Amino acid sequence: MPTIARIAVHPLRIPLKAPFITSLGAQHHAENIVVRIWTDSGLMGTGECSPYPPINGETVGTGMAVAPLLARVLLGRDALDIPGAVAAMDRVIHSNTSIKSAFDIALHDIASQQAGVPLYRFLSGTVDRTLYTDYTVSIGPPEKMAADAVAIKDAGYPAIKVKLGGDGDTDIARIRAIRAAVGTDIPLRVDANQGWDPDTAIRVLQALGGMHIEHCEEPIARWRWEELPRIREASPIPIMADESCFFLHDAERLIRLNACQRFNIKLGKSGGLYEAGRVLKAITAAGLLAQMGGFVESRIGFTAAAHLAIAHDAVRWCDMDTPLMFAQDPVIGGIVYREGGSIKVPEVAGLGATVKEELLGEGVVITS
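To keep things clear, this report deals only with the structure shown in the data block. For every chain, the first residue of its written sequence is number 1, and the numbers climb from 1 along that sequence. At least 70 in pLDDT is required for a residue's local features to be given in this predicted model, at least 80 for side-chain atom pairs to be given and counted, and no such filter applies to totals for whole chains, interfaces and linings, which use all residues. Each side-chain value is derived from all of the structure's non-hydrogen atoms; neither hydrogens nor water enter the calculation.

This part covers the overall build of the protein. Working definition: helices are DSSP H or I runs of at least four residues, strands are E runs of at least two. Numbering for both runs from the N terminus. Scanning the protein from terminus to terminus reveals 13 helices and 17 strands. Taken against the 2.2 N^0.38 rule, which gives 21 Å for 368 residues, the C-alpha radius of gyration of the protein at 20 Å falls within 12% of a compact globule. Expressed as a percentage of the 368 residues in the protein, the buried residues total 59%. The contact definition used throughout considers only heavy atoms, calling two residues in contact when any of these lie within 4.5 Å. Here the analysis covers contacts within the protein between residues at least 6 apart in sequence; of these, 74% occur between residues at least 24 apart. Here, Shrake-Rupley sampling with a 1.4 Å probe gives the accessible areas, and only protein chains in the shown set may cover a residue. As presented, the protein carries roughly 13,500 Å² of accessible surface, and 52% of it is formed by carbon and sulfur atoms. Computed over 35 positive and 42 negative side-chain charges, the inter-centroid distance for the protein is 2 Å. Here the globule rule reads 2.2 Å times residues to the power 0.38, and the radius of gyration is calculated from C-alpha atoms. Relative accessibility decides the category of a residue: with a 1.4 Å probe and only protein chains considered, values under 20% of the type maximum give buried, values over 50% give exposed, and everything between is partly exposed. We score Asp and Glu as negative and Lys and Arg as positive, and we do not count His or the chain ends. One atom stands in for each charge, and that atom is NZ of Lys, CZ of Arg, CG of Asp or CD of Glu.

With that out of the way, let us pick up the packing of aromatic side chains. Put simply, two rings from Phe, Tyr or Trp (the six-membered ring, in Trp's case) pair if the centres are within 6.5 Å, and we call them stacked under 30 degrees between planes, edge-to-face over 60, tilted for the rest. Per the counting criterion, the structure on display carries three aromatic pairs. With centroids separated by 5.9 Å and ring planes inclined at 35°, the aromatic side chains of Y52 and F295 adopt a geometry described as tilted. Note that Y52 is positioned in the loop between β3 (44–49) and α1 (53–56) and F295 in the loop between β11 (289–292) and α13 (299–310), a separation of 243 residues in sequence. Considered together, Y52 and F295 belong to a single accessibility category, that of buried residues. On the numbers, 5.9 Å between centres and 55° between planes, the contact of F246 with F247 is tilted. Among the residues examined, F247 registers a relative accessible area of 22% and is labelled partly exposed. Note on geometry: a ring has a charge over it if NZ (lysine) or CZ (arginine) is within 6 Å of the ring centre and within 35 degrees of the ring normal. In this arrangement the basic side chain of R6 is found over the ring face of W38, its NZ or CZ atom lying 3.9 Å from the centre. Lying across the ring of F295, K266 places its NZ or CZ 4.7 Å from the centre.

Turning our attention to helix α12 (residues 273–285). Take the number of residues in a helix, subtract one, and multiply by 1.5 Å to get its expected span. Here α12 contains 13 residues, and its C-alpha end-to-end distance of 18 Å stays within 8% of the 18 Å for a straight helix at 1.5 Å per residue. Of the positions making up α12, those classed as buried are L273, E275, A276, G277, V279, L280, A282 and I283. Looking one or two places after α12, you find G287, whose phi comes out positive at around 75°.

Residues I160, V162, I175, F263, I265, M292 and M320 are the most contacted members of the largest nonpolar core, which totals 86 residues. Residue contributions to this core peak at eight residues, all from α13. The residues contacting F263, other than those within four sequence positions of it, are M240, A241, C245, A251, L254, I255, I283, L288, L289, A290 and Q291. Residues grouped as a nonpolar core are buried Ala, Val, Leu, Ile, Met, Phe, Trp, Tyr and Cys residues, joined through side-chain atoms within 4.5 Å.

One way to put it is that helix α7 (residues 168–182) packs onto helix α8 (residues 198–207) with a least axis distance of 10 Å and a crossing angle of 20°. Taken as axis vectors, α7 and α8 run roughly parallel relative to one another. Relative to α8, the crossing made by α7 is right-handed. Between α7 and α8, the residues in contact are G168, D169 and I172 and T200, R203, V204 and A207, respectively. Polar here means any residue other than Ala, Val, Leu, Ile, Met, Phe, Trp, Tyr, Cys and Pro, which are nonpolar, and Asp, Glu, Lys and Arg, which are charged; Gly is therefore polar. For the contact of α7 with α8, the class distribution of residues is three nonpolar, two polar and two charged. Interaxial angle, 0 to 180 degrees, is taken between N-to-C directions of lines fitted to C-alpha atoms, where a helix line uses only the stretch in contact. What sets the label is the angle itself: under 35 degrees gives roughly parallel, over 145 gives roughly antiparallel, 65 to 115 gives roughly perpendicular, and the rest give oblique. Take the far helix as your reference; a near helix turned counterclockwise from it by less than a right angle gives a left-handed crossing, and one turned clockwise gives a right-handed crossing.

Once that is clear, we can look at the pattern of salt bridges. What counts as a salt bridge is simple: a side-chain nitrogen of Lys or Arg found within 4 Å of a carboxyl oxygen of Asp or Glu. Scanning the entire structure with this criterion turns up 22 salt bridges. Between R174 and D171 there is a salt bridge whose closest N-O contact spans 2.7 Å. Taken together, the positions of R174 and D171, both in helix α7 and three residues apart, correspond to about one turn of that helix. Classification of R174 as buried rests on a relative accessible area of 10%. The class of D171 is buried, set by a relative accessible area of 0%. Between R278 and E275 there is a salt bridge; the shortest N-O distance is 2.8 Å. One end of the pair, R278, and the other, E275, are both in helix α12, three residues apart, so they sit about a helical turn from each other. The network of salt bridges with shared partners includes K161, K163, D191, E217 and D319.

Note that D104 resides in helix α4 (residues 97–115). Buried D104, no salt bridge; nearest opposite-charge side chain is R278, N-O distance 10 Å. Ignoring any residue separated from it by four or fewer positions in sequence, one finds D104 in contact with I82, V86, G271, G272, L273 and Y274.

Now for the pairing of strand β2 (residues 25–39). Two strands pair when backbone bridges link them, and strand β1 (residues 4–22) and β2 are joined in this way by 14 bridges, in the antiparallel orientation. Note that in β2 the partner of V9 across the bridge is V35. Any two strands with at least two DSSP-identified bridges between them are counted as paired. Adjacent in sequence and paired antiparallel, β1 and β2 are bridged by two residues. If you look at the hairpin formed by β2 and β3, you'll find four residues sitting between the two strands, and G42 has a positive phi there, around 100°.

Here β1 pairs with strand β17 (residues 364–367) via four bridges, running antiparallel. Pairing of R6 across the sheet is with T367, part of β17.

A separate point is the sheet that holds β3. Strand order in the open sheet formed by four strands is β3-β2-β1-β17, and the pairing between neighbours is antiparallel. Single-partner strands in this sheet number two, and they are β3 and β17. Averaged over all pairs of adjacent strands, the angle between their axes in this sheet comes to 20°, without regard to strand direction.

Now for the layout of surface pockets. The computed volume of the largest pocket comes to approximately 320 Å³. Together, 18 residues line the largest pocket, and A18, P19, S138, K144 and D148 are the ones closest to its centre. If you list the elements that add at least two residues to the lining of the largest pocket, you get β1, β5 (135–137) and α6 (142–154). Here the lining of the largest pocket is composed, by residue class, of 12 nonpolar, three polar and three charged. In the cavity and pocket records, a cavity denotes points on a 1 Å grid over the protein atoms alone where a 1.4 Å probe fits but cannot get out, a pocket denotes an open set with protein on both sides within 12 Å along at least 5 of 7 lines, and lining residues are residues with an atom within 4 Å of a point. Grid points are joined across faces, edges and corners, and a volume is the space filled by probe spheres set on the points.

As structure tokens, this is what we get:
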């Protein structure tokens, strides 16, 4: 039984090629945290999170403060008892799902290395399909968004994700400008990031019906989830829950309410692969579908997300583009982005990704 012997936690700050702008604000850097866990048998697992204050209420500062609390309850534990480790972290502190997800990923890396299989196989998956990521247009003036969409189409991506969530009339104009620029063949996916009130959401979605939009993520504030069934019923575009679904109990509530047709899964919301897998099983049992997304993780975090996506047939869409926005790649190994937005998952034992040591910020090391 390999036991947890040492844990190191470091900030990772990488500039983006261009600002990533949503209705919740603009990001100029990836502000992430890398967690590495060593066992007494010499195995080392790597995990990463991307704290995002408007959604999970965390920052790099809070993550670095909470990480030693989590590390101390994990030291000396069986590294392969992931459910026990998750429960132990949850007993120490409520929520803090982003930093917990980095620990969870690192533990899954260790467990799948110990098993001698790629992480997706450890999660009972098989490579019988190819994952494809979309690419995102940041929110901005309609003409700028249309030009960005043309560049994404020309680059060969299979779908364009569009950030909305401002004034309803402007959002309609944004989509019309994009459609006029890229034509009608390539699908669009829109994400309001909670930016509309319920009536505006219905008005905008009805105006955009027939424009080959695959789904709309989180049209209204997450605390207004009781309004989602009304929006779903009125909308010609499928509704995808995102910020309103962190945990299994959130998914079960939305399923009971028939609030949405689809779910966006993010490891930084669920607290990692363990809870995200439970959410996906509930979605599958309900006959619904999911998208695998994330925040601004590097290829470490999205390698974990890709392994999980392959392991669950309910995942039909991938929004895994933010590593492509980094001005510098901090990852050794990991997923490979190929032509047309396709993603190749590592075929080595474990996660198959770690970090370039020289890019890590000053961190903390916790030992028994």
